[in-house]
Amino acid sequence: MTNFGSTPVRSACAALSGVVAVAAGLAVGELVAVPISPDASPYFAVGSTVVDHSPTSVREWAISTFGTSDKTALFIGMGVIIVLIAAGCGLAERLRPPVGSVIIGVFALVGVFAAMGRPGSSVTYMFPSIVAGAVGILVLRVLISLLADRPDLEPPEKADGVSRRFVLTAGGVIAAAAVVGTIGRRMLADTANTLADRARLVLPVPAKPAPPIPPGTDLDVDGVTRFVTGNADFYRIDTALQVPRLTTADWSLRIHGMVDKEVRLSWADLLAMPMTERLVTLTCVSNEVGGDLIGNAKWLGVPMKEVLELAGVRPGADMLLSTSSDGWTCGTPVSAVTDGRDALLAIGMNGEPLPIEHGYPIRQVIPGLYGYVSATKWVVDWEITKFSEAKAYWSTRGWSELGPIKLSSRIDRPANSTEHAPGEVVIAGTAWAQHTGIERVEVRIDDGPWQPAELATEYSVDTWRQWKFAWQATSGEHDVQCRAIDKKGNAQIEDNASPAPDGSTGLDGRTYTIT
Ligand SMILES: Nc1nc2c(c(=O)[nH]1)N[C@H]1C(S)=C(S)[C@@H](COP(=O)(O)O)O[C@H]1N2
Ligand SMILES: [Mo]
């Protein structure tokens, strides 16, 4: 016990505290980055930024010295520097609090800026660094406080001037950081792997390209959703806590059940088939009246019918039960796949490989059916069966077995409860009746008559259709509603119904004040 309370031991422990704190922060940063992007990880973002901004001569030197391990060398080098700085933070925090915490905070900011500067970044990219910084500072303060002199403690509660609580806490944090950091890093590596696979994928030229979009499908009225929804703006719905990360090499589709012959389709088999390109409007059954869980994209893929014919459907089968790589299931009427509509096993979305969250590398798109009974993303298995024998994910949870999309329409502009001057006010929006087509959209002011709106050029019966109505507004408060009529003459159902079990009904309405 000669060293009891000695400065060297406590200094070493302070330095160690810094290293543990920074390691914990970085580990948590990795995990927080998982649902965002590999580029959002503070460690990776800073490393990548260093690589991107280092002079060519330095990069050439690194490549000639370390060869293909140049990136590994960089990350190891960064690790050594971080350990040294972290140790310094620990010492500084003990001698001059809160200098250590401030240095960690500054490094968190460096992480924030590096992550925000990555290509394709969004505001969410700053979270991993912020959380990493907060965890680092918290751990540092706790450990340093445990190092404070405790004259009340005697061995074995206190050895060499260091309390047992300090040793246990530091050990616990480092063990937890190792687990969290390893899991986070592995998941990020999987994502990076899938992103690299996606970046390499060259989409085939369609044998049947989508008909060109005629002028006038977009009315170009400010505030109306565009006719084609960009991939980044496309609504996303799935049960995946962690988006599946498949690669084209991992992927295959097994077709079994009530088939003439079982088939396993590989990516190469798929690419050997002629591709079709179509615009199809996808809608979620959970979309409320006036909601935005709907989008229209140009999909590239193989007709599902042709894939099904490779296996051959046996008589009596009426359900295609598809399963995603994460085990979600979807029951689609076989007839919707074989009746000639453009049901696609899609690999492209608006000219790009599918984004990971929209099903990379492959998903289903079937015109006319809500997503939960048609649009399986990350699809890997088709079982041909009967509705009387199988139930899919949402059907076991109270939703209908069949989910044809309900005729509906939406007002996109002007925004609700806005004020306008008397005279012309342009009301505009979109309407959809997938696989039947929109015949008419009508607008009603207060309790007045239904008046026809001007329709955009029709692209196809599988895509939504914009409309606009030039209203001659008079002073006062007015309620405005819209309704659609489809090509079979059905008018949109006016009674309000919530989405469960088979889709919402009712009319979209807005209130405007004209002064
Ligand atoms: N694997 C999988 N695919 C899925 C789902 C899911 O939860 N898991 N949700 C479905 C639902 S309910 C909808 S509305 C559409 C949405 O597709 P999107 O996210 O590309 O817009 O995907 C469908 N495909
Ligand atoms: Mo959905």
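Since we're looking at a predicted model, the values are computed, not measured. (Residues numbered from 1 in each chain as written. Chains lettered and ligands numbered in written order. Predicted model: local features only at pLDDT ≥ 70, side-chain atom pairs only at ≥ 80, totals over all residues. Heavy atoms only, no water.)

## Let's talk about the domain arrangement of the chain
Taken as a whole, the chain is organised into domain 1 (8-190), domain 2 (231-397) and domain 3 (408-514). For domain 1 versus domain 2, the distance between C-alpha centres works out to 43 Å. (Domains from an automatic or database assignment.)

## Thoughts on the environment of Thr229
Relative to the helices and strands, Thr229 resides in the loop between helix 7 (164-200) and strand 3 (252-257). The class for Thr229 is buried, based on a relative accessible area of 8%. Linking Thr229 and Asp260, residues 31 residues apart in sequence, is a C-alpha distance of 39 Å. Those residues in contact with Thr229, other than ones at most four positions away along the chain, are Phe234, Gly295, Asn296, Asn350 and Trp464. (Helix = DSSP H or I, 4+ residues; strand = E, 2+ residues; numbered from the N terminus. Buried < 20%, exposed > 50% of the residue type's maximum accessible area, 1.4 Å probe, protein only. Contact = heavy atoms within 4.5 Å.)

## Here we look at a nonpolar patch on the surface
Taken together, the side chains of Ile81, Ile85, Val102, Val106, Phe107 and Val110 make up a nonpolar region of the molecular surface, amounting to roughly 500 Å² of accessible area. Contributions of two or more residues to the nonpolar patch are made by helix 4 (70-95) and helix 5 (99-116). Ranked by the residues each element gives to the nonpolar patch, the list is headed by helix 5, at four residues. Tracing the chain through its elements places Ile81 in helix 4. (Patch = residues over 30% accessible without salt bridge, like charges linked within 9 Å, V, L, I, M, F, W, Y side chains within 5 Å. Areas by Shrake-Rupley, 256 points an atom, 1.4 Å probe, with all protein chains shown as cover. Salt bridge = Lys/Arg side-chain N within 4 Å of Asp/Glu carboxyl O.)

## Topic: a negative patch on the surface
A cluster of acidic side chains, namely Asp446, Asp447, Glu477 and Asp479, defines a negative patch on the protein surface. Here Asp479 is to be found in strand 20 (residues 476-486). Judged by its relative accessible area of 42%, Asp479 is partly exposed. (Lys, Arg positive; Asp, Glu negative; His and termini not counted. Charge placed at Lys NZ, Arg CZ, Asp CG, Glu CD.)

## Some points on the nonpolar core
Buried together is how nonpolar side chains tend to be arranged in soluble globular proteins. In this structure, Leu253, Leu270, Trp299, Val307, Leu345 and Trp382 are the most contacted members of the largest nonpolar core, which totals 66 residues. Each of domain 2 (231-397) and domain 3 (408-514) contributes no fewer than three residues to this core. (Core = buried A, V, L, I, M, F, W, Y, C linked by side-chain atoms within 4.5 Å.)

## Some thoughts on the pattern of salt bridges
Taken as a whole, this structure holds 25 salt bridges when the rule is applied. Of the charged contacts, one joins Arg341 and Asp339 as a salt bridge, the two residues approaching to 2.9 Å between their closest N and O atoms. Asp339 sits in the partly exposed class, given a relative accessible area of 45%. Among the charged side chains, a network of salt bridges with common partners joins Arg440, Glu442, Arg483 and Glu494.

## Notes on helix 2 (residues 42-53)
Between its first and last C-alpha atoms helix 2 spans 16 Å; for 12 residues at 1.5 Å apiece the expected length is 16 Å, and the two agree. Buried within helix 2 we find Pro42, Ala45, Gly47, Ser48 and Val51. Buried residues along helix 2 sit in contact with helix 1 (7-33), helix 3 (56-66), helix 4, helix 5 and helix 6 (127-147). (Expected span 1.5 Å × (residues − 1).)

## What about the sheet that holds strand 20?
Spatially, 14-21-20-16-17 is the arrangement adopted by the five strands of the open sheet, whose pairing is mixed. Each edge of the open sheet is held by one strand with a lone partner, namely strand 14 (418-420) and strand 17 (451-452). Here three bridges tie strand 14 to strand 21 (residues 508-514), and the two strands are oriented parallel to one another. Directly across from Thr418, in strand 21, lies its bridge partner Tyr512. (Pairing = 2+ DSSP bridges.)

## Thoughts on the site of ligand 1
Residues in close proximity to ligand 1 total 19 residues, the closest being Tyr235, Thr239, His358, Arg363 and Lys377. In this structure, Trp328 approaches ligand 1 through a side-chain N or O atom, which is 3.4 Å from an oxygen atom. Contact distances for ligand 1 include 2.5 Å between an oxygen atom and a side-chain N or O atom of Lys377. Of the residues assigned to the shell around ligand 1, the class counts are nine nonpolar, five polar and five charged. (Near = heavy atom within 4 Å. Polar contact = N/O pair within 3.5 Å; in protein donor to acceptor, adjacent residues only side chain to side chain. Nonpolar A, V, L, I, M, F, W, Y, C, P; charged D, E, K, R; others polar.)

## Observations concerning the packing of helix 6 against helix 7
With their axes 9 Å apart at the nearest point, helix 6 and helix 7 run at an angle of 160° to one another. When the axes of helix 6 and helix 7 are compared, the pair comes out roughly antiparallel. In terms of crossing hand, the pair formed by helix 6 and helix 7 is left-handed. Of the residues in helix 7, those in contact with Val139, Val142, Leu143, Leu146 and Leu147 of helix 6 are Arg165, Phe166, Thr169, Ala170 and Val173. A breakdown of the residues in the contact of helix 6 with helix 7 according to their chemical character gives eight nonpolar, one polar and one charged. (Axes fitted to C-alpha atoms, helices over the stretch in contact; angles between N-to-C directions. Parallel < 35°, antiparallel > 145°, perpendicular 65-115°, else oblique. Left-handed = near helix turned anticlockwise from the far one by under 90°.)

## Remarks on the sheet that holds strand 7 (residues 319-324)
Spatial ordering of the open sheet is given by 4-3-12-7-8, a layout of five strands whose pairing is mixed. What marks the edges here is a single partner per strand, and that holds for strand 4 (263-266) and strand 8 (329-333). Looking at each pair of strands side by side, their axes are set apart by 20° on average, direction ignored. Two strands pair when backbone bridges link them, and strand 3 and strand 4 are joined in this way by four bridges, in the antiparallel orientation. Its bridge partner lying in strand 4, Leu253 is registered against Leu265.

## Here we look at the pairing of strand 15 (residues 423-432)
Put simply, side chains in a regular strand alternate between the two faces of the sheet. Where burial is concerned, most of strand 15 is hidden: seven out of the 10 residues are buried. Pairing of strand 13 (residues 408-413) with strand 15 involves five bridges; the strand directions are antiparallel. Bridging from a neighbouring strand, Ser408 pairs with Trp432 of strand 15. Two strands pair when backbone bridges link them, and strand 15 and strand 19 (residues 465-473) are joined in this way by nine bridges, in the antiparallel orientation. Note that in strand 19 the partner of Thr430 across the bridge is Gln466.

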